[in-house]
Amino acid sequence: MTVEKQREVIRLWNELRKLEGPAAEELRIQILECFSQKGQAKRAA
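J.: Report on a nonpolar patch on the surface, specifying residues and quantitative values.
T.: Residues Met1, Val9 and Phe35 make up a contiguous nonpolar surface patch of roughly 270 Å² in combined accessible area. Residue position: Val9 is located in helix H1 (residues 3–17). For Val9, a relative accessible area of 31% translates into the label partly exposed.

Listed below in structure tokens is the structure:
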């Protein structure tokens, strides 16, 4: 992931943190799971 993409993800994450409710919580969980899976795949390789 490029630095530019990382900054965009962080910016979007910070915007998402301002939202409340079940939909926002579900999005946060999905994003964290996505990054967790990518991290596990890198360690396994």
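J.: Tell me about the pattern of salt bridges, and please be specific about residues and values.
T.: Under the criterion given, the structure shown has three salt bridges. The residue Arg11 makes a salt bridge to Glu8 at a minimum N-O spacing of 2.9 Å. Within this pair, Arg11 and its partner Glu8 are both found in helix H1, separated by three residues, close to a single helical turn. The partner of Lys18 in a salt bridge is Glu15, and the shortest N-O contact between them spans 3.1 Å. Residue classification places Lys18 among the exposed positions, given a relative accessible area of 59%.

Conventions used here
- Residues numbered from 1 in each chain as written.
- Predicted model: local features only at pLDDT ≥ 70, side-chain atom pairs only at ≥ 80, totals over all residues.
- Heavy atoms only, no water.
- Patch = residues over 30% accessible without salt bridge, like charges linked within 9 Å, V, L, I, M, F, W, Y side chains within 5 Å.
- Areas by Shrake-Rupley, 256 points an atom, 1.4 Å probe, with all protein chains shown as cover.
- Salt bridge = Lys/Arg side-chain N within 4 Å of Asp/Glu carboxyl O.
- Helix = DSSP H or I, 4+ residues; strand = E, 2+ residues; numbered from the N terminus.
- Buried < 20%, exposed > 50% of the residue type's maximum accessible area, 1.4 Å probe, protein only.

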